[in-house]
Amino acid sequence: IENNGVARKFVFSKDSAGFYTKTFINKATHQNFVNPGTDEFSIRIDTSVITGLNCRYIRHSLIDSGDTRILSVFLRTPLQDVTIQLLYMTYADIPLVRKQLKVINKSGNDLALTDLDVENLRFQVVDKFQNEVHFNYGSNITRIPYQGDYNDAAIMLYNDDADQGAIFGNEAPGVLKNTGIYTNIHGCLQMGMRHIDETFPFKARLRAGETFSSPGTFIYVFRSPDWQEGFEGAYKDFLRKYLGVSLYAQAGHRPERTRPL
């Protein structure tokens, strides 16, 4: 799935398990931000950990609606009559891919869902050893690894040497947000909801015949010699037009000078 700003390409086979991102390209620089070993997503269903690597491709479709393109992918899990649907969205010329995960329970049993990573990617901005993390709505800076909290609806990973960056958006509510940048495995990005062994963990019971829909996530890529510019321009256009929210109290101010609404 792609537009003029970004391209995300996947690998799968109809004859064997495995569906995962091969490249996530910032078209402004032609840089691929994804490394081998990506799980694509991860969720524990009862006692089984389901990832893109142990699911089998069933079918996909592309839908265009106005300036929005949606890629819908259906995967067969190792569990009988349990299907994963992945939704990927792009918007006009905005260099961003939004994602949502659904679990479809056509079995005769109720299922327990925990440990949800909507995104589970081996991801770096050019060089995973030269990146800074801008968190708490752009008001603080640290080095990797970094574990986000309820203040981190959007976290930036920026490479000052390469003048490139990525913003990771997590639409999960409040304290359920879980955004980990290289916290478990160096070079691995996880975005979703709090795991069962963490504070305020996510757990859902999916009854027979029902579908669970996750909160969305998104990855926005950019090029600029100033990291602050990552929170401007097309990123703000996306927030206003497609999310209907404002991260900052006063439009036009630098992120470090503003406070979240």
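Residues numbered from 1 in each chain as written. Predicted model: local features only at pLDDT ≥ 70, side-chain atom pairs only at ≥ 80, totals over all residues. Heavy atoms only, no water.

Enquirer: Where do I start with the overall build of the chain in this structure?
Expert: Within the chain one finds one helix and 20 strands. Relative to the compact-globule value of 18 Å for 261 residues, the chain shows a C-alpha radius of gyration of 18 Å, a close match. Projected onto the principal axes, the alpha-carbon positions of the chain cover approximately 55 × 35 × 35 Å. Counting only residues that meet the buried cut, the chain has 52% of its 261 residues in that class. Taken as a whole, the chain presents about 11,500 Å² of accessible surface, with 46% of it coming from carbon and sulfur. A gap of 5 Å separates the mean positions of the 29 positive and 29 negative side-chain charges of the chain. (Helix = DSSP H or I, 4+ residues; strand = E, 2+ residues; numbered from the N terminus. Rg over C-alpha atoms; globule rule 2.2 N^0.38 Å. Buried < 20%, exposed > 50% of the residue type's maximum accessible area, 1.4 Å probe, protein only. Areas by Shrake-Rupley, 256 points an atom, 1.4 Å probe, with all protein chains shown as cover. Lys, Arg positive; Asp, Glu negative; His and termini not counted. Charge placed at Lys NZ, Arg CZ, Asp CG, Glu CD.)

Enquirer: Please explain the side chain of R8 as it appears in this structure.
Expert: Checked against the element boundaries, R8 lands in strand β1 (residues 6-12). Side chain to side chain, R8 and T21 meet in a polar contact 2.9 Å long. A polar atom in the side chain of R8 sits 2.8 Å from the side chain of E119. Contact partners of R8, with chain neighbours within four places excluded, come to I1, T21, T23, F24, E40, Y88, V97, K99, E119 and L121. (Polar contact = N/O pair within 3.5 Å; in protein donor to acceptor, adjacent residues only side chain to side chain. Contact = heavy atoms within 4.5 Å.)

Enquirer: Looking at this structure, how should I read the packing of aromatic side chains?
Expert: One pass over the full model with this rule turns up 19 aromatic pairs. Consider the rings of F12 and Y57, whose centres lie 4.1 Å apart with planes at 20 degrees: the pair is stacked. You can see F12 sitting in strand β1 and its partner Y57 sitting in strand β6 (residues 56-65), a full 45 residues away along the chain. Look at F12 and you get partly exposed, because its relative accessible area is 34%. For Y57, a relative accessible area of 11% puts it in the buried group. Considering the side-chain rings of Y91 and Y242, the 4.2 Å spacing of their centres and the 35 degrees angle between planes classify their relative orientation as tilted. With a gap of 151 residues between them, Y91 in strand β8 (residues 82-91) and Y242 in helix α1 (residues 234-243) connect regions that are remote in the sequence. (Phe/Tyr/Trp six-rings, centres within 6.5 Å; stacked < 30°, edge-to-face > 60°.)

Enquirer: Looking at this structure, how should I read the sheet that holds β1?
Expert: Pairing between sheet strands relies on hydrogen bonds along the backbone, with the strands arranged either parallel or antiparallel. Read across the sheet, three strands follow the order β1-β2-β3 without closing on themselves; strand pairing throughout is antiparallel. Two strands lie at the open edges of the sheet, namely β1 and β3 (31-32), each paired on one side alone. Sheet topology note: the β1/strand β2 (residues 19-26) ladder contains seven bridges and is antiparallel. Among the inter-strand pairings, F10 is bridged to a residue of β2, identified as T21. (Pairing = 2+ DSSP bridges.)

Enquirer: Sorry, what's going on with the pattern of salt bridges here?
Expert: Pairs can form between side chains of opposite charge whenever their charged atoms are close. One pass over the full model with this rule turns up 13 salt bridges. Between K99 and E40 there is a salt bridge, and its shortest N-O distance comes to 3.2 Å. A residue pair is termed long-range when its members are at least 10 positions apart, and K99 in strand β9 (residues 94-105) and E40 in strand β4 (residues 40-45) qualify at 59 residues. No difference in accessibility class separates K99 from E40, as the two residues are buried. (Salt bridge = Lys/Arg side-chain N within 4 Å of Asp/Glu carboxyl O.)

Enquirer: Would you take a moment to explain the pairing of strand β17 (residues 188-193) for this structure?
Expert: Where a strand is regular, its side chains alternate between the two sheet faces. β17 sits mainly inside the fold: six of its six residues count as buried. Here five bridges tie strand β10 (residues 111-122) to β17, and the two strands are oriented antiparallel to one another. Across the sheet, the residue bridging to L121 is L189, located in β17. Alignment of strand β16 (residues 177-181) against β17, held across five bridges, turns out to be antiparallel. Directly across from I181, in β17, lies its bridge partner L189. Between β16 and β17, which follow one another and run antiparallel, lie six residues, and Y182 among them has a positive phi close to 65 degrees.

Enquirer: Whenever I open this one, the pairing of β4 confuses me. Can you help?
Expert: Among the six residues in β4, five count as buried, and that is most of the element. Judged from the four bridges that link them, β4 and strand β5 (residues 48-51) form a sheet pairing that is antiparallel. When the sheet's bridge partners are listed, I45 is paired in β5 with S48.

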